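For reference, the chains in residue letters:
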Amino acid sequence: MSSMTDDVIRSRPVTWRVPRALVTLLCATLAVGLAGCLPSDSGFDDSVDATTTTPVATAPAAGPGLSITSAQVPSNGHPVVEFTLLDETGAPITDLSSASFTFAKLAPRSRYGVGYDWVNYITRERQVNPTGWTHAVSEDNPDGAPMFGNAIQGAVENSGELENLGNGEYRYTYSLNVNEASRTISGDNLQDLWRCVEEGSHDEHVFSADLGRDVRCTWADGTTLPRGVRIEGSGKTLTYTVDYNPDWTHRVGMQLGGGLPATNAWFDFIPETGDPPTHGVDATRDIISLESCNSCHDSTLAKHGGNRVEPNYCVTCHNPGSVDPVSGRSIDFKQMIHKLHRGQTLPSVRAGVPYFIRNNNFSNLRFPQAVHEDGGVDPVGNYSNQGLDPDGNPLPRTASYGIDNCVKCHMGQDTRDELILLAGGEDRLARQQLAVVTPDGDNWHEGGARTVEVCASCHDNVFWYEDSAGGFGFTGTPESGWNRSQDDETLPAMLAARFGASDAGPRGDWRTGHRTGFDDDTDLWGRSDGDGTVASATGASLFSTGNECGGCHNQDIVGDVDNIGLRGIGQGGMNRVRMNRAHLSFTRAAIRQDQLAIQFGSEGATLDHEAGTLSFRLRVRDDGRNTTLRHDDNARFQLGFVIGWREQNASGLISADYTHSTNPSWPGRTTDVSCSATCWTNGGNGSGLTILEAGNGYYELTYELPDEALDNLPEHGVGTVAAQQQVVPLEARGDVDSIWDDGRTPLVNALHRTTEFAIGNAVAEPRRQVVDVEQTCRSCHLRFAKHGPNRRNNPELCVLCHNPNNTDISAGTQPFVAFGRLGNLGIYDRKFEESKDFKRMIHHVHRAQMGGDGIQLRDVVFGGPLDRDTPAGPWDPQGPWEGEAHFPGSVGNCSTCHVDDSYQLPLQAGVIGSSIRTFDWDNANFTNAGTGQFGADNTLTNIHQHERFSPIASVCTSCHTDEAWLESHILARGGSVTATLDNPDPMQEGCVSCHGPGGEADISQVHDVRPR
């Protein structure tokens, strides 16, 4: 990628380099339909790989009406299914030429006396190349050989007979014969892929009488196949057989072909009777709704060619019967989905073993429910650090980022009823944007549904199965070795050897046994009966048979509503490990957070310019207790404030963006006011802030503005005061620290709010609203807590600092100076500075998946990797990539984040372009580079000297980063990279004529704009 040409931005010295990341407008699909208005190019960097952008699926409700009406399995063993197909108007579609089908049974689990898993009768041999798998490459495996040469996977068929019955009705007869559902495959290392134990299954099961003992088979990663599935073979050959059980629940799954929109359907029935299964009586597994997935994924889930969109269809193949031969891991839906959503925080990933399936590496993904800085979590009690890092040191607990918020993805009616009670009504609970209720949505905390494999999918630094010489309570001969659970899960040791993870654990890998981690107080591993070495951490209370895990994790909660408390529930005894407490703590705290409301007085704030003071009223309501919180009475206040303003120009127009700059070392910096609990107790901080009690629960606050703020105040304009930091209710349980607190996000942190004040003769009106934390951000991000103890959690506050004048030029104090800035080139982007303007930064961070370029902000690169032809110094070739984060939905659907039509052109009058340069870098005549005095010594806070993008260019170029396109399209049509605060649009941007409402390339048409 070439650097910015001299024609685009004034001539640079040889050290100047503007990388691909030129910054903002969720412009993912702008190229579509622009003929006649735009050149044929899209403005995306050449490095964009079309296969890495998330495809946009047509949701089933918007596509054809597909309905399976009946299914049966005749005596010949070939299932028959009938279905109807209608178009969007309800008219029959009579020319369907192809469709694909699956056929699966819901089989009792063999290792457990509870729970069921799908398994597909239709299978395929998943063949792989013998070498060349990028993510399998390691020092031990330089050629990228797969873990296994081929494997078994569930599959679809379309080779049966499709009959057109007329009037949109069809019949399909499978080529599958359920009485002959067997497949033999061959490949390298297949002898290590599986293991079967005769009479190794449990003999009783819920909804099934005495099943007797049967074979129990497992894959190498420990995934146990359900009953009625057998593996036989030796050496490089195995035969996989699925028995037909007509009295068990079965599922027909199908997808449309023939060029029709992606649409799936499924139909559950019991072949022996022909009846549908009854929840609570027969075996069912209806856990996830596509609507829940779409709260983040926005109808973009369209896998395997774009035709598979429904989770209830996916599970007919993605179940314990399917294995990825490249990684050796199961692609069972419940394991795979948990692991890929946890991504970079998986203990196995932190131990040095990447999580990948074939050519897809999920090791850098991060679940987006909680947005905050990285941080470890102190161990508590016997929930100490478990597992080993590559150097053999204990793996510390890490922040969850909300992956433990199970009800974001699946929830049953019982849990929803409880949360409604806690929230105080359905409307309050709706703010959380949680999962849609499904019949089996509470399986995650019900003891009759979970498996060790599910728990281990996230907690994969622990092994869970008993490995004693006495067996599991099954019949058999211990001397034969079949009862050694270590032999059921050999893959972890194989992966540890391949990727250089520690093999010092008791089972030759990075894991340690359940409840036997590292004790920070004693510096010893294991329990008191061990020798303190990691080899002694062999586990306690391990699973043997039945459902013993429920003894600790399934106990009922007593007095739940009376003990909502700050942290959700008292943490004594077994409360801390009960599933429906431990994995609802995040949600319960978010609900509690919304019951707290920071309220400013209706009159807003008042500026006394002559006295140099700012005054306002503030209170905190607790709607959960129907009371007002008072410091040192029923709450502890730690609220501070941020102050900024928008100036009025000579024509009387109030800027749409903030224009303050009060810190001599930091352009665009706000005036911040801290006030700790002691400050609130003392009635002020002794340095300009006074606090007095007022009526109706309010406090009256007066702040003496510092000289640098008074000097920077415009003659006329609108100011803003925003609350930051937190309020802690003191309840029956007091200020309880929960072991489930992630260590960086306080579990209760009321949304920060703002109020305005008039400067001069201006009218105090709020800043324009572009996004809304409750309506839009929460579709993915339930909790925010940025910038350490400030805990900033609302974009209304964020934009005060992240304004058009703010760059990361001054954020180069140690330890960041090693990565550049403060007059030094960034080590990753070769730039002196990067804008932190919210409209530019947030777009670029969210669209980072679309190309090879990223954006460096301080010492972190979002998206990455960047151009690094001439790095400023030593650098990590992996880079500090912030997840290479993939936006989970359609990055072109502006409505995902924007309220109303705030994405549309024309922009509101007074929008300011983002600063490109705060200093005359051409002449490089600056002093004290790399020091804290750099900003002040070079007058960077004089925002009138900044060079900027013109307003629309600020936004568009954050997605459309191609430099040639910047010149040929943006600049050629009136955009600018030399705008100033006093002349914000010098060339008169002409974008509206094409991209405005009704234009040839109306943004609402060329983007994937849909209702969220």
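Residues numbered from 1 in each chain as written. Predicted model: local features only at pLDDT ≥ 70, side-chain atom pairs only at ≥ 80, totals over all residues. Heavy atoms only, no water.

Draft legend 1. Region of the structure containing the environment of His 716. Inspection of the secondary structure puts His 716 in the loop between helix 13 (707-712) and strand 35 (717-729). Through-space distance from the C-alpha of His 716 to that of Ile 759 is 5.0 Å; in sequence the pair is 43 residues apart. For His 716, the contacting residues outside a window of four places in its chain are Glu 647, Gln 648, Ile 759, Gly 760 and Asn 761. (Helix = DSSP H or I, 4+ residues; strand = E, 2+ residues; numbered from the N terminus. Contact = heavy atoms within 4.5 Å.)

Draft legend 2. Representation of the side chain of Ser 536 in the model. The topology assignment puts Ser 536 in the loop between strand 26 (524-525) and helix 9 (550-553). Within the structure, Ser 536 has its side chain in polar contact with the side chain of Asp 531 (distance 3.3 Å). Discounting residues that sit within four places of it in the chain, Ser 536 has contacts with Trp 525, Gly 526, Gly 530 and Asp 531. (Polar contact = N/O pair within 3.5 Å; in protein donor to acceptor, adjacent residues only side chain to side chain.)

Draft legend 3. Highlighting the packing of helix 5 (residues 413-423) against helix 11 (residues 585-594). Following both chains from N to C, one finds helix 5 and helix 11 inclined at 30 degrees, their axes separated by 9 Å at the closest point. Taken together, the axes of helix 5 and helix 11 lie roughly parallel to each other. Crossing angle aside, the handedness with which helix 5 passes helix 11 is right-handed. Residue-level inspection shows Glu 418, Leu 419, Leu 422 and Ala 423 of helix 5 in contact with helix 11, the latter providing Thr 587, Arg 588 and Ile 591. (Axes fitted to C-alpha atoms, helices over the stretch in contact; angles between N-to-C directions. Parallel < 35°, antiparallel > 145°, perpendicular 65-115°, else oblique. Left-handed = near helix turned anticlockwise from the far one by under 90°.)

Draft legend 4. Up close: the packing of aromatic side chains. Counting across every chain of the model gives 19 aromatic pairs. When the centroid spacing of 6.2 Å and the interplanar angle of 15 degrees are considered together, the rings of Trp 219 and Tyr 240 count as stacked. Here Trp 219 is found in strand 13 (residues 216-219), whereas its partner Tyr 240 is found in strand 15 (residues 237-242), with 21 residues between them in sequence. The structure contains a cluster of three or more aromatic residues connected by ring pairs, namely Phe 83, Phe 101, Phe 103, Tyr 121, Tyr 170, Tyr 172, Tyr 174, Tyr 244, Phe 267 and Phe 269. The aromatic ring of Tyr 698 is capped on one face by Arg 617, whose charged end is 4.1 Å from the ring centroid. The residue whose ring lies beneath Arg 783 is Phe 586, and the NZ or CZ to ring-centre distance is 5.5 Å. (Phe/Tyr/Trp six-rings, centres within 6.5 Å; stacked < 30°, edge-to-face > 60°. Lys NZ or Arg CZ within 6 Å of the ring centre and 35° of its normal.)

Draft legend 5. Layout of the state of the cysteines. Per the counting criterion, the structure on display carries two disulfides. Each sulfur of the disulfide joining Cys 196 and Cys 217 lies 2.0 Å from the other. Where Cys 196 bonds to Cys 217 through sulfur, the torsion about that S-S bond is close to 110 degrees, and the disulfide is right-handed. Residue Cys 196 is located in strand 10 (residues 194-197), and its partner Cys 217 is located in strand 13; the two are separated by 21 residues in the primary sequence. Classification of Cys 217 as buried rests on a relative accessible area of 1%. Of all cysteine sulfurs, the one in Cys 314 lies closest to Cys 317, which takes part in no disulfide; the gap is 8.8 Å. The class for Cys 317 is buried, based on a relative accessible area of 12%. (Disulfide = S-S within 2.5 Å. Buried < 20%, exposed > 50% of the residue type's maximum accessible area, 1.4 Å probe, protein only.)

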